[in-house]
Each structure stands twice: as structure tokens, then as C-alpha cells.
Amino acid sequence: MKKHNFNAGPSILPQEVIENTAKAIVNFNDSGLSLMEISHRAKDFQPVVDEAVALFKELLNIPDGYSVLFLGGGASLEFCMVPYNFLEKKAAYLNTGTWAKKAMKEAKGFGEVVEVASSAEDNYSYIPKKYTIPTDADYFHITTNNTIFGTELKEDLDSPIPMIADMSSDIFSRPIDVSKYICIYGGAQKNLAPAGVTFVIVKNDAVGKVSRYIPTMLNYQTHIDGGSMFNTPPVVPIYAALQTLRWIKAQGGVKEMERRAIEKAEILYNEIDRNKLFIGTAAKEDRSRMNICFVMASEYKDLEPDFLRFATEKGMVGIKGHRSVGGFRASCYNALPKESVQALVDCMQEFEKLHL
Ligand SMILES: *Cc1c(COP(=O)(O)O)cnc(C)c1O
């Protein structure tokens, strides 16, 4: 049976990305060696990193003066590297969910952290709109897509101070104005590659301004100077990321990814709003295109396990909601075809006929 992969992360990748990476794992560039058993300094591997960096810059229209890094440690290590490298006295954070809160917690170890606003009191079901960003803070940190709660900032904000964004789960799903940010980072395993590589887009002249000592491996300058090759980078995930970047380009770039994301999200949200069994959990204006969260209406609440079983039998994978929201979460990343969203909608309609 065809599986429809709605996993939140690690998550669906384009089939050709998986196949090309599998081929290179067996025989990299007809070298007779596996991608897993060559040096990251082999002359055949440098072009992989170079092309991945070039495609990042091209697809996201990254201005001059920025570096693209491929590091280890996940987005979670960036929660600490960001304040290590950029927080001298004070930083501002928008608290929109579990990941934002974790980022904030790390920053508190380095200086004063101002929480400009929070939607914690309403289980992060919306993104706060009215708040003041302190102009004397070193940066303003946001999480553009809240993977767990299904809310998303779908446009770049205006900020009087440089922004830093965790874009783990919506990178390459829309065009972004990189010039508004001094740093954009994320774990690759939501929309780009298998787990193991972290992407960081960093403005070169924003680095090196804090007065503290920064351990070598945690210093962005080390990796800017080393071209992500200061130590052994995650070779296989970087290779897979390159395949995804080529795929995005061939499909028409981030504009096309955005068009598809809007289309897929509309199909599913329309069904959630129409079908009396289900209700969406996020405020309408903040609904994420990437992670679509919904629960069963209170009078049908006890049908949730039944629907999960029903949908699983029909090939839906990974739709169980995160424990902090409950119900269901359908992650609709770039690689998820519209047909999978349609298949989920069909399930919801069949289930409705059985119970209403
Ligand atoms: C998954 C996720 C993280 C954590 O990423 P790791 O690579 O596992 O550290 C951080 N932020 C967001 C928005 C995420 O979705």
C-alpha cells in the first residue's frame, strides 16, 4: 500500500533525493568508493559543498556578505551558539512555542533576555502581534514556524534591530528577505535532508562583536574561515541536502514551493473547517502551511483513537499530534505531494460518513 508520509521530522524527502543518495552511498561519482568512506577533503567532495552553498545563495537570494555553513549539533546547538556569538548585553525573544522557549533558556546563560511577548497562556495557539522590541537589544530572535503548535510567521517581520530566526521547519517554503537577518539557522531534517546537518546563514560582519571568549567549535568565525571544513562535516546529509536543493531548483524554486504549500494547506484546512468532526487548533491568521494541527470536536473526542487507526490503515503515516497539543498533526513539507493531502482529506470524509 502507498504510504503518505506526514512525519514532523525527520520527514519526507523527494524520492529522487533518497535514490541519488543511496547510489552515492554505494558508489560515489563512479569512484568505486562509498560516499561514507571517502575523505571530506577528497577532491570530489569539495564540489558537493560548493554547489550546496551556491544553491542556498541562489534559491534564497542571499545578498553578498553572508556565509552558508553546514554544521553538526542540530538547531538545538544553535540555541546556544547564537547568544554565544551575538549576545553582548541584551537580546529580545518572541516566545511562540516549545522551540522558542528552549532558545530563550540558552540565551539566559549569556545576558539579559527580554521576552517581548508570549502566547504560552493560550497553549501557543497564536503568534503575538503587538509588542515592543527594545532598540538597545543586540538582536531579536524569532521562530518562523512552530512545528509543534502549527503556527507560522509567513512573512518577514519588520524589526528596528537585526533579526535572528530559527527556520528549521519552513526553510525553502517561501522567499525570504535575508537582509533583515544576521543569522538564520535550522536542523535539516524537516525540509531539507536527513538528520545530522544544521544549516546556518550568517552575516559575516555581524560576527566577532562580542567580548567573551568563544570556544573554537562554537565560534561562527571558525566555520566561516574553514568553509564548513574546520572539522569533519556530516558528509552524507550534506550530499542529500545538495540533492534536495537541486530538486527545489528543478521544480521552480522557492516561489513554486510556496505556491504548492499554500495549495496543500488550503485543501486540508478547508476540510478541517468543513468537516464537523474536526477543528483546527491554531488561530486562523497564524495557521502554519507546514504543520497542520487539528483535533476532534469535543462531542466526538473519544473517536480520536478510531480515526488514527482508520487513517493508518489507509496508509497515513505520522499524523498523531504532538503530546502538547493532542489530536492530529499533518506535516506538509515541500516534498509531500498534493495527492497525499488529498488522500488524508478522503480519509476524513469517509470517516465522517461512518459517524455522522
Ligand atoms: C525540530 C526543531 C528544532 C530542533 O532541531 P534539532 O535539530 O533536533 O536540534 C528546533 N526548532 C524547530 C522550529 C524545530 O522544528
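Taken as a whole, this structure holds 21 salt bridges when the rule is applied. Residue K43 pairs with D44 through a salt bridge whose shortest N-O separation is 3.8 Å. One salt bridge in this structure joins K105 and E106, with 3.9 Å as the shortest N-O distance. What makes K105 exposed here is its relative accessible area of 58%. Among the residues examined, E106 registers a relative accessible area of 29% and is labelled partly exposed. Taken together, the shared-partner salt bridges connect E256, R259, R260, E263 and K338 into one network.

Here the focus is the site of the ligand. The immediate surroundings of the ligand are formed by 14 residues, with S76, T147, D166, Q189 and K190 found nearest. Contact distances for the ligand include 2.6 Å between a nitrogen atom and a side-chain N or O atom of D166. The side chain of K190 places a nitrogen or oxygen atom 2.6 Å from an oxygen atom of the ligand. Burial of the ligand by the surrounding chains reaches 88%, relative to a free accessible area of 390 Å².

Turning to helix 6 (residues 235-251), a few remarks are in order. With 17 residues, helix 6 extends 25 Å between its outermost C-alpha atoms, agreeing within 8% with the 24 Å of an ideal straight helix rising 1.5 Å per residue. For helix 6, the tally of buried residues reaches 12 of 17 residues, placing the bulk of the element in the interior. Among all positions in helix 6, only V235, P237, I238, Y239, A240, A241, L242, Q243, T244, L245, W247 and I248 are buried. In this structure, the buried side of helix 6 is in contact with helix 1 (15-26), helix 2 (46-59), strand 2 (66-71) and helix 7 (253-274). Where helix 6 ends, the next residue or the one after it, G252, has phi of about 120 degrees, a positive value.

In this section: the domain arrangement of the protein. Domain boundaries in the protein define domain 1 (15-251) and domain 2 (252-355). For domain 1 and domain 2, the distance between their C-alpha centres works out to 27 Å. Buried surface at the junction of domain 1 and domain 2, both sides included, amounts to about 2300 Å², of which 51% is carbon and sulfur. For domain 1, the biggest contributors to the area lost against domain 2 are I148, K154 and Q251; these three give 23% of the whole. Run the count over domain 1 and domain 2 and you get one salt bridge. K129 is the partner of D286 in a salt bridge, and the nearest nitrogen-oxygen pair spans 2.8 Å. For the pair domain 1 and domain 2, the number of links is 20 residue pairs in polar contact (both at pLDDT 80 or more). Only strand 7 (151-152) and helix 6 provide two or more residues apiece to the side of domain 1 that touches domain 2. Per-element tally for the side of domain 1 that touches domain 2: the top contributor is helix 6, with five residues.

Right, let's talk about the sheet that holds strand 11 (residues 278-280) for a bit. Pairing in this open sheet of three strands is antiparallel, and the strands run 11-12-14 from one edge to the other. Across the chains shown, the open sheet's two edge strands, defined by having one partner strand only, are strand 11 and strand 14 (328-331). Strand-to-strand twist of the sheet, defined as the mean angle between neighbouring strand axes without regard to direction, takes the value 35 degrees. One ladder, built from four bridges, connects strand 12 (residues 291-296) with strand 14; its direction is antiparallel. Among the inter-strand pairings, C293 is bridged to a residue of strand 14, identified as R329. The strands that helix 7 touches are strand 11, strand 12 and strand 14; relative to strand 12, the one it contacts most, it runs at about 10 degrees.

Evaluated as defined, the whole model comprises 18 aromatic pairs. Here F56 and F70 contribute two aromatic rings whose centre-to-centre distance is 5.7 Å and whose plane-to-plane angle is 70 degrees, an arrangement assigned as edge-to-face. With F56 in helix 2 and F70 in strand 2, the pair connects residues that are 14 residues apart, well separated along the chain. Each member of the pair, F56 as well as F70, is classed as buried. Each ring, one from F307 and one from F328, has its centre 5.1 Å from the other, and the planes form 85 degrees; the classification is edge-to-face. On the criterion of sequence distance, the pair formed by F307 in helix 8 (residues 304-313) and F328 in strand 14 is long-range, its members being 21 residues apart. You'll find F307 and F328 in the same group, each marked buried. Taken together, F278, F294, F307, F310, F328 and F351 form an aromatic cluster joined through their ring pairs. For K314, the ring lying beneath its charged end belongs to F310, and the centroid distance is 4.9 Å.

Rules and cut-offs
- Residues numbered from 1 in each chain as written.
- Predicted model: local features only at pLDDT ≥ 70, side-chain atom pairs only at ≥ 80, totals over all residues.
- Heavy atoms only, no water.
- Salt bridge = Lys/Arg side-chain N within 4 Å of Asp/Glu carboxyl O.
- Buried < 20%, exposed > 50% of the residue type's maximum accessible area, 1.4 Å probe, protein only.
- Near = heavy atom within 4 Å.
- Polar contact = N/O pair within 3.5 Å; in protein donor to acceptor, adjacent residues only side chain to side chain.
- Areas by Shrake-Rupley, 256 points an atom, 1.4 Å probe, with all protein chains shown as cover.
- Helix = DSSP H or I, 4+ residues; strand = E, 2+ residues; numbered from the N terminus.
- Expected span 1.5 Å × (residues − 1).
- Contact = heavy atoms within 4.5 Å.
- Domains from an automatic or database assignment.
- Buried area = accessible area lost by both parts, 1.4 Å probe.
- Pairing = 2+ DSSP bridges.
- Axes fitted to C-alpha atoms, helices over the stretch in contact; angles between N-to-C directions.
- Phe/Tyr/Trp six-rings, centres within 6.5 Å; stacked < 30°, edge-to-face > 60°.
- Lys NZ or Arg CZ within 6 Å of the ring centre and 35° of its normal.

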